[in-house]
Amino acid sequence: MQSIISKKIIKPFTPTPSTQRWHKLSRLDQGLTHFYMPYVFFYPKDQVNAIPNGTKQLSYLLSNSLSKILTCYCPWAGSLKDNGTIECDDNGAEFLEVQINSPMESVVNHPDSNVKDLAFPQGVPWGNGVDRALIVVQLSHFDCGGIAVSVCLSHKVGDGSSAHCFLRDWAALTRSSDTICPSPYFVEDSILPSPIPLVSPVIRSDVDKCVQKRFMFSSTKLSALKSSIDVENVTSNEAVNALLYKCAASSATIVNSGLFKRSQLFQFADLRDMISPPLPPNSIGNLLNAFSSPVYDSEEDLKLSKIVTDIRKSKNNISAGNNLEEKEFAINMLLNAFRIGETYHKRKCDVYLSSSLSKFPFIQDLDFGFGKPIRASMGRGPYDKVIFLMRTHDGGIEALVNLDEQEMSVFEHDKHLLEFVTPIGHS
C-alpha cells in the first residue's frame with residue numbers, strides 16, 4: 001500500500017556557529033524518555049494543484065525551507081550525545097517521500113488507526129530509536145492527488161508548545177522566502193540545571209495494543225456540556241477531560257465484569273506563564289508540570305462536577321506553589337513523574353494521561369503556501385489510556401482517544417459520551 005520514492009538527509013542551510021555547538025538539556029528534558037512526537041497534516045488535491053509545477057515543486061519547497069528552519073532550530077538537527085547533551089553537529093533531519101496507493105479520504109477517515117499511520121515514517125511515531133535523526137519528516141502522495149506532511153520530533157528537545165513553534169515557523173518560511181528566520185528562545189538548563197546527567201528513563205511505547213479513535217466536540221456541544229456541569233466557569237478543557245475520563249473509567253469497569261477499577265487522571269500544565277518572570281511563548285524545551293485527580297475508589301466518585309473540582313484544585317495547587325528560586329515546581333514535576341511510572345507499572349490503579357494541545361492553532365498555522373490542512377492529527381499511542389485534545393476549524397475540540405480494543409468497544413457506545421460528541425470515521 002506504501003512505496004518509498006526517495007530518502008534524503010536535510011542539513012541546516014548554514015553551519016551552526018561553534019558558540020552554539022552544545023545544547024544542555026534541563027532536568028525536565030532529561031526526565032523524559034526519547035519519544036518522537038508524531039504530527040500529521042492532510043491537504044486535498046485542489047490545494048496541491050495550486051502549486052506551480054505541482055508535486056515536483058512541492059518536495060523541493062519543503063526540503064529547502066526545512067534546511068533553512070533547521071538553521072534556527074539547530075538542536076533538532078543535532079545528535080543526542082548523552083542524556084544531558086545534544087551536540088549541534090548539523091547531523092540534519094530525515095526527509096522521506098512516499099506514494100500511498102489509496103485516496104486520501106480513505107486514509108484520513110479509515111476505522112483502522114493503522115491505516116492513518118501509513119502517513120508516518122514506519123516505526124518512528126512514539127519510538128525510542130536513538131539511531132535516527134531527531135526530526136523525521138515524511139511527504140506522502142495519495143492516488144487522488146492529495147498529500148500528507150508528517151513530522152516526528154524528538155521529545156528530548158521540547159514539548160508540544162516547542163513543536164508548534166517549529167512547525168509554525170517552518171510553514172511560514174515555506175510560504176514566503178522573504179520571511180525573517182525566527183529566533184526561538186532555547187531555555188536549555190538555565191532554569192533547571194542538573195549537576196550530572198540523569199539516567200534516561202526508557203518507557204516503551206505499546207502502540208500495537210491500543211486503538212485510537214477520534215471524537216468531535218462541536219462548539220455547540222461544548223457549550224451544552226459545560227452548562228451541564230454544576231461548577232462555575234467550567235473551561236472546555238476541564239469539561240472534555242472530565243467527560244472522557246469518566247466514560248473511559250466506566251468502560252474499564254464494564255470490561256472488568258462490573259468490578260470497579262480504581263483510577264486517576266493526570267494532565268500537564270505549561271510552565272511558560274506559571275513561573276515568575278514568565279517565559280516567552282517561543283521558549284523551546286520541556287516546560288511542563290503534572291497535576292492529577294485523586295485516586296477514585298468507587299463509581300460514585302465519577303461525577304463530572306467532582307472530577308472538574310478535583311483537577312482544578314490540583315492545578316491551582318501547583319500554580320500557587322511554583323517558586324523558581326526554590327525549584328519547587330521541579331520537585332513537584334519529578335515526584336509526579338515517579339508516581340505516574342510507579343502507579344502505571346505496578347497497576348495499583350489505572351492511570352489516564354491527557355495532554356491538551358487545543359490552545360495551539362495547528363490547522364490555522366500549518367499553511368505552507370497552498371492553504372490550511374483539512375485535518376491535523378497525531379499518531380496512535382504511545383500506549384492505551386492516553387488522550388490528546390486538538391482544536392478544530394470551528395472552535396470545537398477533537399479528542400484522540402487511545403484505549404485497548406475491549407475498552408474502546410464499550411467506550412465508543414457510551415450514551416453519556418454520545419450526548420456531546422460525534423465519532424468521526426474512527427481513525
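Shown above is the structure to which this text applies.
Predicted, not measured: the structure shown is a model, and the values here were computed from it.

Reading the values: rules and limits
- Positions within a chain are numbered from 1, following the residues in the order the chain's sequence is written.
- With the structure being a predicted model, the display of local features is reserved for residues of pLDDT at least 70 and the display and counting of side-chain atom pairs for 80 or more, all residues being used for whole-chain, interface and lining totals.
- Each side-chain value is worked out from all heavy atoms of the structure, with water and hydrogens disregarded.
- Here a helix means four or more residues in a row that DSSP labels H or I, a strand means two or more in a row labelled E, and each is numbered from the N terminus.
- As a reference, a globule follows 2.2 Å times the number of residues to the power 0.38, and the radius of gyration itself is taken over C-alpha atoms.
- Note on classification: 1.4 Å probe, protein chains only; a residue is buried when its accessible area is under 20% of the maximum for its type, exposed when over 50%, partly exposed between these limits.
- Throughout, the Shrake-Rupley method with a 1.4 Å probe supplies accessible areas, and for residues the shown protein chains are the sole cover considered.
- The convention is simple: Lys and Arg are positive, Asp and Glu are negative, and His and the chain ends are not counted.
- Think of each charge as sitting on NZ of Lys, CZ of Arg, CG of Asp or CD of Glu.
- Strands qualify as paired when DSSP identifies two bridges or more between them.
- A fitted line through C-alpha atoms represents every axis, and for helices the fit uses only the stretch in contact; the resulting angles, taken between N-to-C directions, go from 0 to 180 degrees.
- What a helix should span is 1.5 Å times the count of its residues minus one.
- Polar contact is the term for a pair of N or O atoms within 3.5 Å; when the atoms are in protein, one must be able to donate a hydrogen and the other to accept it, and sequence-neighboring residues count only if both atoms are side-chain atoms.

Draft legend 1. Region of the structure containing the overall build of the chain. Looking only at helices and strands, the chain has 13 helices and 18 strands in total. On C-alpha atoms alone, the chain measures out to a radius of gyration of 21 Å, which is about the 22 Å that the 2.2 N^0.38 rule sets for 427 residues. Referenced to the eigenvectors of the C-alpha coordinate spread, the extents of the chain come out at roughly 60 × 55 × 35 Å. Here the chain holds 427 residues, and the buried ones make up 57% of them. When the accessible surface of the chain is totalled, it reaches about 17700 Å², and 52% of it is carbon and sulfur. Positive and negative charge centroids in the chain, built from 42 and 46 side chains respectively, lie 1 Å apart.

Draft legend 2. Focus on the sheet that holds strand β5 (residues 85–87). Taking strand neighbours across the sheet as the criterion, the 3 strands line up as β2-β5-β4 in an open arrangement whose pairing is antiparallel. Two strands close off the open sheet at either side, each with one partner strand: β2 (22–24) and β4 (79–82). Across the sheet, the axes of successive neighbouring strands diverge by a mean angle of 30 degrees, strand direction being ignored. When β2 meets β5, the two strands line up antiparallel, connected through 3 bridges. Bridge pairing in β5 links Lys24 to Thr85.

Draft legend 3. Representation of helix α6 (residues 160–175) within the structure. Here α6 contains 16 residues, and its C-alpha end-to-end distance of 22 Å stays within 8% of the 22 Å for a straight helix at 1.5 Å per residue. Counted residue by residue, α6 has 14 buried out of 16 residues, so it is predominantly covered. The opening residue of α6, the one whose side-chain oxygen lies 3.3 Å from the backbone nitrogen of Ser161, is Asp159.

Draft legend 4. Looking closely at the pairing of strand β6 (residues 93–100). Across the 8 residues that make up β6, a large majority, 7, are buried. Here strand β1 (residues 2–10) pairs with β6 via 8 bridges, running antiparallel. Opposite Lys8, over in β6, you have Phe95 as the bridge partner. When β6 meets strand β7 (residues 135–142), the two strands line up parallel, connected through 7 bridges. For Gln99, the partnering residue across the bridge sits in β7 and is His141.

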